[in-house]
Amino acid sequence: MRIIRLILFAVLVGGLVGGAVAFVQVRNDLPPVTELPGGTMLVVPGSKEKMAHAKVEEPHYDFGTMQRGTAKSHNFTITNSGDAPLKLKAGTTSCKCTLSEVSESAIAPGESTQVKVQWTAKADNGPFRQTANIMTNDPLQSTVELTVDGKIMSASGVEPSDLMFDKIPVGESKSTQTFVMAMLQDDLTVTDPVLSDPTTRDRFDVKIEPVDTKDLPNKNARRGFKVTVTALPGLPAGRVMQWLSLRTNLQDAEKLEIPIMGQVVGDISVHGTGWSEDHSALMLGNIKSSEGGHAKLSIVVRGAEAAGTTFAIKSVDPPEMKVKIGEPRKLKDTLVQTPLEIEIPVGTRPMVHLDTSQGDPGHIVLTTTNPKIKELAVDVQFAVER
Amino acid sequence: MHIRVMQRTNWWMIVSLASIGMVVIGSILRGADPPAPEKGLTAAAQSKVDAVEANGPIFVGWPKPDVALVFTGSMSGYLEPCGCAGLENQKGGLKRRFTFLEQLRKQGWPVIAMDGGSQERDTGVQAVLKVDFAYKALALMGYQVVGFGENDLKLDLLPIVLNLDPATNPLVSANVAIGDFKSGLTKRYKIITLGGQKIGATTVLGAKEVANLGTLNDFKLLPPRQALPEIVPDLKNAKCDHLVLLVNGTPDEAKQLAVTYKDFGFDWVLTTKGAEVPPKDPSKIDGTNAHLIEIGEKAEYAVVVGLYKGGNPSYRYQVVPLDHRFADAPEITKMQIEYQHSLENMGLNGLGLRTTPHPSGGKFAGTKTCEECHTHAAEVFDNTPHAKATETLISRTTPPRINDPECICCHVTGWEPQKQFPFETGYRSLKETPALVGNGCENCHGPAAKHADVENGLVKVNDAQKEQLRAALRLKIVENEGNKPGQVYDKGKVAQMCMQCHDLDNSPDFDFQKYWPKMKHVGKD
């Protein structure tokens, strides 16, 4: 009985003390609130001591439209609405292109100071927003956040930003285009097209022609040219990556470099992580025998024969490689995917198939029912080490 | 003796039970407290920068929501922030995002994660690998909805999507399909019931972006205003508590779509093309009941909308800076290791990085060759981080980034730093081109092999030609040259050259006028 009374007494005392502590904590979490600039509600401590209070009438300023490369600044006014001296210090900014200048001398109660925020428009076209934090000794808000925003307009524009061919069927010609535009000047010259990769440079044709402003994609453009690049038949299968360089008289872009992208593909192509188009090979690299290696590829068949094309394994060299053909999946009538799994099993003996003097790449041959392509070869570059 | 022991026991029992009572009663009374700590969910490793002080506390005063909608997007290839400037100064990265979501879930918050798309901004094989990484990471993080960006669709996405696990494939788009809308590789919308709330969500690629892409062989694209009427009635009929539209397009387009389809009652409309920094509060879209959400750029932030059924307020909104208060998730680090391993396997050739002649037509000699004559410059250079730039990629990064062209381009000699490809005779690998390690002299002065050969008497030229070769390598700093406001940037070449690597992403604190004195060197002595 004594033990029970002791337990009851302890729980009662503990409960009362715990409750009292928690009540104080909860009370501390829920004191009166005050409204700060921007409508944020903050908690006021129960202290009666004098304190500084930073008040910003307009913590946000709209710079409007800015030309890229220019800088603008705004003076924010911070008033000390408290009853103790207010101290300010420049804090962090959202971007190092934002600067804030703050006087470090204390502001007397009722007095104001100006904080200058400057921003240089270095980003691309479109909206911007940057913030500058000012540290304070105001116990209610250790940081005041000042915001500037607006829109950046470049003096020039290239739209679309690249020349994309997407898929170019082997042996066929295909064109793509972009527009070079001047937003702030009426005279525009676009000349001297040069392609970066000399090995395929002659397989492209570049045409530059002026365009009426109503046909330009950006309504702010005052002058524009259409640049059309045509891929001529004869490009090798694989990825197309070139840069088209152009000379202009634009203030902010005397030299333009526009990427040209695409992929020359046949009716049957192989894709997947580790697949190198340049080598037409799966790059598995060095594999530990104790771990083995594995890759999932996709054989994609395009065109009218896509749905009727199936694959079968004809040969695998070295025979240690395990190859599995999955079920074809129709993505649309003219696009069918067939999974191809390649495995170097755990425990495979050491071997080198890295396409070096030490050994040729692994080689898989598949037969197809496609009337245009009877066989598909898949190389695998790998080496198995202990 | 026995009594004294009993007395000790009684006091021990009283203190113990009192403590238990304090904890129990205290916990009950404190039950209404917000579950999320103000000093960051958990602080990462000790750091000289206090993330909470620098970027603010989060979820202050939040009770646990019925459901938390977590919005991200516009990662633009930033799988991780560049560590060059110190990660504590940078925001973003999938490792931190993973930890953030995990911590919300561990606190019992029902989370629906949605991403507006634009995983990548570059082109090429590495960009494809990065999107593959991103999709796998988003699936691992339990994302329910992920949209497409224009640049995502310029890449060879088909094999990536084909390799996604159908059970966790998060791709949702009202107007983009892989193959066609029946292929099943993407969903047109999703309805998710969680925390007692029914959320309907879809994404669209903006009209301009669709027009820019034109016709794509492997995808079906529809203008958003053609696609949305085909699916929004289904969303409305599902009688969701909240409808979400993620627009991979401008704020103006997002607002216009909200107005056009206001009868369908979208509550939350996201734009991926707002300003770099999201606003502190969502903005109400005039003429609708919808709020516009901006998510910033480079996925440096996540935006969380906490929903409270019947609550007052009915929602709370928080911009979460993904800074180092969130520790690196080992799950994503493991993926990073695999990704770096893939880059190594592919090699520069496999990544499609073809060499291009240097614009000057010159060939690279290597820093040691320069140092044979320019001894004072060598003394200065060897004591700067430039000399150890390549070593840094091996010893100071986890995993090592020595095979990553995005890092190599500024950490070796003889690469184009912004377009990230090697010049002919530029660095290829530690084994093939050991003389081109470090961010060497020739990255600024230009390839100097011929100049060195002439000076060493290996090639005979006349005096004028010799001087011409020297002059071509000289750089002159113009008066007040620098990269800060009020300094001369456009008329000089030196600061511009530095900014090729010391850009705002990788070196936000770079100040040419402060940095130059640390590596000041003049000619030959």
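Residues numbered from 1 in each chain as written. Chains lettered and ligands numbered in written order. Predicted model: local features only at pLDDT ≥ 70, side-chain atom pairs only at ≥ 80, totals over all residues.

**Comments concerning the overall build of chain A**
Phase 1 of the analysis: Summing up its helical and strand segments, chain A has 1 helix and 29 strands in all.
Phase 2 of the analysis: Within chain A, the fraction of its 386 residues that count as buried is 33%.
Phase 3 of the analysis: Considering only intrachain contacts with a sequence separation of at least 6, the fraction spanning at least 24 residues in chain A is 68%. (Helix = DSSP H or I, 4+ residues; strand = E, 2+ residues; numbered from the N terminus. Buried ≥ 20, exposed ≤ 12 C-beta atoms within 10 Å, placed from the backbone. Contact = placed C-beta atoms within 7 Å.)

**Let's talk about the domain arrangement of chain A**
Many analyses report the size of an interface as the accessible area lost when the parts associate.
Phase 1 of the analysis: Looking at the assigned domains, one finds that chain A contains domain 1 (49-153), domain 2 (156-265) and domain 3 (268-385).
Phase 2 of the analysis: Between the C-alpha centres of domain 2 of chain A and domain 3 of chain A there is a distance of 36 Å. (Domains from an automatic or database assignment.)

**Observations regarding the packing of helix α3 (residues 94-106) of chain B against helix α10 (residues 330-350) of chain B**
Residue and element names in this part refer to chain B.
Phase 1 of the analysis: Two elements in contact, α3 and α10, have axes separated by 8 Å at closest approach and are oriented at 155 degrees. Comparing the axis directions of α3 and α10 gives the class roughly antiparallel. Remark: the crossing between α3 and α10 carries right-handed chirality. Every residue of α10 that contacts α3 at Leu94, Lys95 and Phe98 is listed here: Glu331, Ile332 and Thr333.
Phase 2 of the analysis: In the contact of α3 with α10, the residues fall into 3 nonpolar, 1 polar and 2 charged. (Axes fitted to C-alpha atoms, helices over the stretch in contact; angles between N-to-C directions. Parallel < 35°, antiparallel > 145°, perpendicular 65-115°, else oblique. Left-handed = near helix turned anticlockwise from the far one by under 90°. Nonpolar A, V, L, I, M, F, W, Y, C, P; charged D, E, K, R; others polar.)

**Quick word on the domain arrangement of chain B**
Phase 1 of the analysis: Partitioning chain B into structural domains gives domain 1 (36-334) and domain 2 (353-474).
Phase 2 of the analysis: Taking only C-alpha atoms into account, the centre of domain 1 of chain B sits 42 Å from that of domain 2 of chain B.

**Considering the nonpolar core**
Inside soluble globular proteins, nonpolar side chains tend to come together where they are buried.
Phase 1 of the analysis: Ranked by size, the top nonpolar core spans 149 residues in total, and within it Leu69, Val70, Met114, Val244 and Val269 of chain B carry the most contacts.
Phase 2 of the analysis: A per-element tally of this core places helix α4 (residues 125-140) of chain B first, with 10 residues.
Phase 3 of the analysis: Look past the residues within four positions of Met114 of chain B in its chain and what remains in contact with it is Leu69, Phe71, Tyr143, Gln144, Val145, Ala201, Val244 and Leu246 of chain B.
Phase 4 of the analysis: Ranked by size, the runner-up nonpolar core spans 24 residues in total, among them Ile168, Val180, Met183 and Met241 of chain A. (Core = buried A, V, L, I, M, F, W, Y, C linked by C-beta atoms within 7 Å.)

**Things to note about the confidence of the model for chain A**
Residue and element names in this part refer to chain A.
Phase 1 of the analysis: Per-chain confidence: chain A averages 84 in pLDDT, with 86% of residues scoring 70 or above.
Phase 2 of the analysis: The secondary-structure element of chain A with the lowest mean pLDDT is strand β1 (residues 33-35), recorded at 36, while strand β24 (residues 322-325) shows the highest, at 98.
Phase 3 of the analysis: In this model, residues 18-46 is a region of pLDDT below 50 whose contacts with residues beyond four sequence positions or in other chains number 42 contacts. (pLDDT = per-residue confidence, 0-100.)

**A few points about the pairing of strand β1 (residues 67-72) of chain B**
Residues and elements named next belong to chain B.
Phase 1 of the analysis: Along β1, 6 of the 6 residues are buried, which leaves the element largely enclosed by surrounding structure.
Phase 2 of the analysis: Alternating positions in β1 separate into two faces, Val67, Leu69 and Phe71 on one and Ala68, Val70 and Thr72 on the other, with burial throughout.
Phase 3 of the analysis: Of the pairings in the sheet, the one linking β1 to strand β12 (residues 301-307) comprises 5 bridges and is antiparallel in character. For Val67, the partnering residue across the bridge sits in β12 and is Leu307.
Phase 4 of the analysis: Judged from the 5 bridges that link them, β1 and strand β2 (residues 111-115) form a sheet pairing that is parallel. Within the sheet, the bridge partner assigned to Phe71 lies in β2 and is Met114. (Pairing = 2+ DSSP bridges.)

**Some points on the sheet that holds strand β18 (residues 253-265) of chain A**
Residue and element names in this part refer to chain A.
Phase 1 of the analysis: Pairing in this open sheet of 4 strands is mixed, and the strands run β12-β18-β17-β14 from one edge to the other. Edge positions in the sheet fall to β12 (163-169) and β14 (190-195), since each has one partner strand and no second. Across the sheet, the axes of successive neighbouring strands diverge by a mean angle of 20 degrees, strand direction being ignored.
Phase 2 of the analysis: Sheet topology note: the strand β17 (residues 238-250)/β18 ladder contains 11 bridges and is antiparallel. Within the sheet, the bridge partner assigned to Leu244 lies in β18 and is Ile258.

**Let's talk about the packing of α4 of chain B against α10 of chain B**
Each pair of packed helices gets described by two things: the angle between the helix axes and the distance between those axes.
Residue and element names in this part refer to chain B.
Phase 1 of the analysis: Interaxial distance between α4 and α10 falls to 11 Å at its minimum, and their mutual angle equals 160 degrees. It follows that α4 is roughly antiparallel to α10 by the angle criterion. When the axes of α4 and α10 are compared, the crossing they make is right-handed. Contacts between α4 and α10 involve Val125, Leu129, Phe133, Lys136, Ala137 and Leu140 from the former and Glu331, Ile332, Met335, Tyr339, Ser342, Met346 and Gly350 from the latter.
Phase 2 of the analysis: Grouping the amino acids of the contact of α4 with α10 by side-chain chemistry returns 9 nonpolar, 2 polar and 2 charged.

**Quick look at the sheet that holds strand β9 (residues 268-271) of chain B**
All names here are of chain B.
Phase 1 of the analysis: Taking strand neighbours across the sheet as the criterion, the 6 strands line up as β5-β6-β8-β9-β11-β10 in an open arrangement whose pairing is mixed. Both outer strands of the open sheet, β5 (190-194) and β10 (283-284), are each paired with one neighbouring strand and no more.
Phase 2 of the analysis: Direction of pairing for strand β6 (residues 197-205) relative to strand β8 (residues 242-248): parallel, over a ladder of 7 bridges. From the neighbouring strand, Gly200 faces β8, where its bridge partner is Leu243.
Phase 3 of the analysis: Strands in contact with helix α8 (residues 224-237) are β6 and β8; relative to β6, the strand with the most contacts, it is inclined by about 170 degrees.

**Digging into the environment of His445 of chain B**
Residues and elements named next belong to chain B.
Phase 1 of the analysis: Its place among the elements puts His445 in helix α15 (residues 441-445).
Phase 2 of the analysis: According to the C-beta neighbour criterion, His445 is partly exposed, with 17 such atoms within 10 Å.
Phase 3 of the analysis: Sequence separation of His445 and Pro251 is 194 residues, and the distance between their C-alpha atoms is 44 Å.
Phase 4 of the analysis: What His445 contacts, discounting residues up to four positions off in sequence, is Leu473 and Leu475.

**Details of the environment of Leu282 of chain A**
Phase 1 of the analysis: Within the fold, Leu282 of chain A resides in strand β21 (residues 281-288).
Phase 2 of the analysis: If near-sequence neighbours (up to four positions away) are discounted, Leu282 of chain A is found in contact with Gly274, Trp275, Ala295, Leu297, Ile342, Val378, Asp379, Val380 and Gln381 of chain A.

**Here's the deal with the confidence of the model for chain B**
Residue and element names in this part refer to chain B.
Phase 1 of the analysis: Averaged over all residues, the pLDDT of chain B equals 88, while 90% of them reach at least 70.
Phase 2 of the analysis: Considering only residues more than four positions removed or in separate chains, one finds that residues 1-46, a stretch of pLDDT under 50, has 71 contacts.
Phase 3 of the analysis: Overall fold confidence for the complex sits at a pTM of 0.81, while the interface term, ipTM, reaches 0.70.

**Some thoughts on α8 of chain B**
Residue and element names in this part refer to chain B.
Phase 1 of the analysis: Taking 1.5 Å of rise per residue, 14 residues should cover 20 Å, and α8 covers 20 Å from first to last C-alpha, within 8% of that figure.
Phase 2 of the analysis: Helix geometry: α8 is bent most strongly at Ile231, by close to 35 degrees, with proline Pro233 lying one to four residues after it.
Phase 3 of the analysis: Buried within α8 we find Pro224, Ala227, Leu228, Val232 and Leu235.
Phase 4 of the analysis: Elements that come into contact with the buried residues of α8 comprise β6, α7 (207-213), β8 and α9 (251-260).
Phase 5 of the analysis: Positive backbone phi, at 50 degrees, marks Lys239, one or two positions downstream of α8. (Expected span 1.5 Å × (residues − 1). Bend = angle between axes of the 7 residues up to and from the residue.)

**Some points on unusual backbone geometry**
Phase 1 of the analysis: Geometrically, the link from Asp317 of chain A to Pro318 of chain A is a cis peptide bond, its omega value of 0 degrees lying close to zero.
Phase 2 of the analysis: Going from Asn312 of chain B to Pro313 of chain B, the amide bond is cis rather than trans, its omega being 5 degrees.
Phase 3 of the analysis: Locating Pro313 of chain B in the fold gives a position in the loop between β12 and β13 (315-321).
Phase 4 of the analysis: Positive phi outside glycine occurs at Asp166 of chain A, with the angle close to 60 degrees.
Phase 5 of the analysis: Tracing the sequence through the fold places Asp166 of chain A in strand β12.

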